[in-house]
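Analysis of the macromolecular model
One-letter residues, chain by chain:
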Amino acid sequence: MAQKYELKSKEVWDGNMAAAHALRQAQVDVVAAYPITPSTPIVQNYAQFLADGYVDGEFVMVESEHSAMSACVGAAAAGGRVATATSSQGYALMVEVLYQASGMRLPIVMTVVNRALASPLNIHGDHSDLYLGRDAGWIHLIANNPQEAYDMTLCAFKIAEDERVRLPVTTNQDGFLVSHTAQVVKPLQDEDAYKFIGEYKPLNPMLDTKNPVTYGAQTEEEWHFEHKANQHKALMDSPAVIKEVFDEFEKISGRKYNLVETYKLDDADIALVLMGSAYETAILAVDKAREEGIKVGLLMPRVFRPFPYNEVAEKLKNVKAVAALDRSAPMGTTGALYNEVAGALAANGQSAIMTNYIYGLGGRDTTVEHILDVIKETNENAKAGKRVTDLQGFINLRGPKLSFN
Amino acid sequence: MKNITNLKEFACTPDRFQGGHRLCPGCAHSMIVREVVNATDDDLVISTATGCLEVCSAIYPYTSWDVSWIHIGFENAAAAISGAEAMYKALSKKDKLYNEDRRIKFVAFGGDGGTYDIGFQSLSGAAERGHDFLYVCLDNENYANTGGQRSSATPLGAHTSTTPRGRVSYGEKQRKKDLTMIMAAHGCPYVATAIPSTKHWKDLATKAAKAISTVGPTFINALSPCTTEWKFKPEETTEIADLAVETCAFPLYEIEDGHKLRITYRPKQKIPIEEYLSRQGRFAHLFKPENKWIIEEWQKNVDEYWDYLQRREEAGV
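The model shown is predicted, which means the values in this text are computed figures rather than measured ones.

For the rest of this paragraph, the subject is the environment of K233 of chain B. All names here are of chain B. Among the structural elements, K233 can be located in the loop between α9 (227-231) and α10 (237-246). By the C-beta count within 10 Å, which is 12 here, K233 ends up exposed. The sequence separation of K233 and P25 amounts to 208 residues, and the corresponding C-alpha distance is 9.6 Å.

Below is the structure:
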């Protein structure tokens with residue numbers, strides 16, 4: 001039996017420590033992982049918990065991320081609670097198995113610390129890895145600070161394992177900016193956290209050998225489509241459960257989470273849409289802009305997949321102009337967040353003027369002033385009633401101005 | 001360890017790998033698999049790499065597996081089984097097992113592509129970590145599932161679809177990788193070679209029983225003559241396997257604790273390698289005068305390796 005970890009009502013944790021404590025409190029049966037910057041401390045912290053008797057599950061340090069996710073799939077199919085952590089190249093190496101995990105409807109939780117993808121090699125935060133996995137059939141939750149990294153990881157288990165969902169879930173936090181930035185975190189006590197997540201609910205476990213099961217069958221053209229459509233349906237239906245879990249979490253923690261988070265959006269003329277630690281920078285920029293008389297608000301999808309397009313459209317229905325900020329190289333088109341938001345608006349007959357900004361690649365600083373510039377440009381579009389700025393701009397990029405129209 | 005007395009009794013063990021699968025007539029995979037899964041009375045959880053066995057045994061909505069079974073990908077059968085085995089350990093520790101009265105053993109199957117090549121890393125990792133499982137390589141010396149491409153198990157001179165014989169080529173240029181010894185070098189408590197055979201059925205059954213009952217990572221490299229790609233008649237499968245042993249092209253031996261080597265069958269009179277090569281279409285071109293040297297090379301390699309095994313056995317190392 002694992003020992004109880006005495007926690008103060010307020011701890012000073014970085015995002016990695018917050019995620020590691022959430023895994024510990026979930027009493028995960030198998031963690032199979034491979035270290036990679038900047039998520040390495042999650043598994044290091046977890047290893048220390050194990051070494052000190054605070055964890056009694058199995059901890060399998062495999063020889064690659066591909067094997068990490070493969071072992072997670074084997075363990076989850078065997079029938080128990082499973083989690084891992086990764087970033088960037090490790091995430092990329094896992095991609096094949098991410099699809100297999102979701103295709104087998106295995107409720108694995110992966111705490112992702114977002115980092116750029118090579119080449120050129122870069123260890124700092126951006127959303128390239130998150131975007132790489134966006135079609136992998138996982139639920140993706142976004143955390144903007146260590147408190148949220150902790151809260152989202154606890155919620156992730158409850159969402160993933162719900163009989164109505166049974167899908168793998170990632171929690172995402174920005175490399176270094178969240179993962180290595182210590183802040184005050186208010187944790188739940190061990191028993192409260194575990195009670196919230198609940199006992200693991202087995203579904204077709206391989207280890208119930210009296211009832212043998214086959215996982216990972218072959219389906220060709222006569223069945224593959226039905227399987228994938230059903231899997232998509234499970235994702236599309238999951239927001240109801242996600243909302244339930246967030247509501248339940250609010251009751252025990254006092255912290256309220258939503259499919260779509262907003263800041264000062266109710267009376268706003270213009271809106272910025274972005275995810276991750278930059279959202280917090282943008283909050284400061286919004287306050288400044290409002291002092292200057294610009295009625296600007298913010299929106300962030302807390303859940304990147306399934307994308308809450310109706311909620312996004314509803315929240316943005318009164319704004320005249322929207323700037324979507326993507327922290328990933330769009331490589332030949334507009335950014336993914338831009339596309340999602342534009343699609344959400346179009347689907348609901350809304351016609352806010354939309355622009356796209358690329359920012360923060362490879363950990364490039366994005367300051368309050370940078371966001372203020374975006375707010376001012378977006379406001380110009382709103383005032384003009386048409387787009388007068390570039391369709392796609394780049395924030396804090398060195399060299400000659402780069403933009404696309 | 002299961003006590004295996006005679007073939008009739010062994011053959012009457014209830015099937016855990018059912019007929020009706022779509023493997024080729026004469027495929028050795030099913031013979032090997034049936035022998036392995038019948039070699040224990042314990043419950044089994046099995047993982048299988050992408051390959052002939054996988055695509056032919058679990059085509060939705062059917063399955064040939066009357067045991068818990070998982071297939072993830074081509075390169076991760078060992079990682080998958082290591083995860084399942086870790087879960088078994090975790091639930092045992094926490095007193096949360098599903099069936100307290102059953103003992104579960106873990107087995108992974110992979111072809112030579114999924115084992116020698118793309119799955120080698122995950123196999124090496126799982127073996128090094130010491131998971132309690134048996135890995136069985138169904139070694140048919142080529143990527144048979146995808147139309148007979150070469151693998152690092154393909155032997156010298158073999159025609160494959162990616163090392164074809166041609167006007168200026170005699171086929172595969174490399175010798176077969178010695179995976180059994182590589183697995184022994186991992187310090188696995190038990191590794192062995194085996195063949196599907198009417199003559200040597202007990203050799204495989206005993207090795208499988210021994211491997212499954214040994215605690216820790218164990219490995220069996222089972223030669224799986226491939227009627228489709230080696231080009232012999234489907235009814236000749238076990239004959240070809242026997243010839244591989246009688247010529248010492250594929251000697252039967254086992255190694256305990258990474259070093260104690262024992263030859264489990266010693267041909268009375270080693271048959272010349274031509275007898276083995278000439279029975280398979282994949283080697284037909286070696287019998288042209290200009291390729292005679294390859295057969296000589298084959299014989300030399302076989303003799304040297306057989307000599308090496310005998311010396312090791314004699315020296316007890």
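Moving on: the interface of chain A and chain B. Size of an interface, as often reported, equals the accessible area lost when the parts are brought together. Between chain A and chain B, the residue contacts involve 40 residues of the former and 42 residues of the latter. Mapped by element, the contributors of at least two residues to the side of chain A that touches chain B are β2 (30-33), β3 (58-61), α3 (65-78), α4 (88-103) and β9 (214-215) of chain A. The element best represented in the side of chain A that touches chain B is α3 of chain A, accounting for 10 residues. Grouping the amino acids of the side of chain A that touches chain B by side-chain chemistry returns 19 nonpolar, 14 polar and 7 charged. As defined by bridge partners, β9 of chain A adjoins strand β2 (residues 68-70) of chain B across 2 bridges and the pair is classed as parallel.

Further remarks concern the packing of helix α6 (residues 146-161) of chain A against helix α7 (residues 190-197) of chain A. Residue and element names in this part refer to chain A. Where α6 contacts α7, the axes come no closer than 9 Å and their chain directions differ by 30 degrees. Between α6 and α7, the angle is such that the two are roughly parallel. Seen from α6, the contacting residues are L154, F157 and K158; seen from α7, they are A193, F196 and I197. Residues that form the contact of α6 with α7 fall into these classes: 5 nonpolar, no polar and 1 charged.

What follows concerns the domain arrangement of chain A. All names here are of chain A. Here chain A is partitioned into domain 1 (11-253) and domain 2 (260-404). Between the C-alpha centres of domain 1 and domain 2 there is a distance of 28 Å. Counting residues at the interface gives 26 residues for domain 1 and 21 residues for domain 2. Counting only elements with at least two residues in the side of domain 1 that touches domain 2, the list comes to α5 (128-132), β6 (139-142) and α8 (224-253). Across the side of domain 1 that touches domain 2, the residue classes break down as 14 nonpolar, 9 polar and 3 charged.

Conventions adopted
Each chain carries its own residue numbering, running from 1 in the written order of its sequence. In the order they appear in the text, chains get letters beginning with A and ligands get numbers beginning with 1. In keeping with the model being predicted, local features are shown solely for residues with a pLDDT of at least 70 and side-chain atom pairs are shown and tallied solely at 80 or more, while totals for entire chains, interfaces and linings include all residues. To qualify as a helix, a DSSP run of H or I must reach at least 4 residues; to qualify as a strand, a run of E must reach at least 2; elements of each kind are numbered from the N terminus. Residues with at least 20 neighbouring C-beta atoms inside 10 Å of their own are called buried, those with 12 or fewer are called exposed, and the rest are partly exposed, where every C-beta is derived from the backbone. The contact rule is simple: place each C-beta atom from the backbone, and if two of them lie within 7 Å, those residues are in contact. Polarity classes work like this: nonpolar for Ala, Val, Leu, Ile, Met, Phe, Trp, Tyr, Cys and Pro, charged for Asp, Glu, Lys and Arg, and polar for all others, with Gly in that last group. At least two DSSP bridges between two strands are needed for those strands to be called paired. To define axes, lines are fitted to C-alpha atoms, for helices over the stretch in contact only, and angles between the resulting N-to-C directions are given on a 0 to 180 degree scale. When an angle is under 35 degrees it counts as roughly parallel; over 145 it counts as roughly antiparallel; between 65 and 115 it counts as roughly perpendicular; any other value is oblique. Domain extents, as shown, originate in an automatic or database domain assignment.

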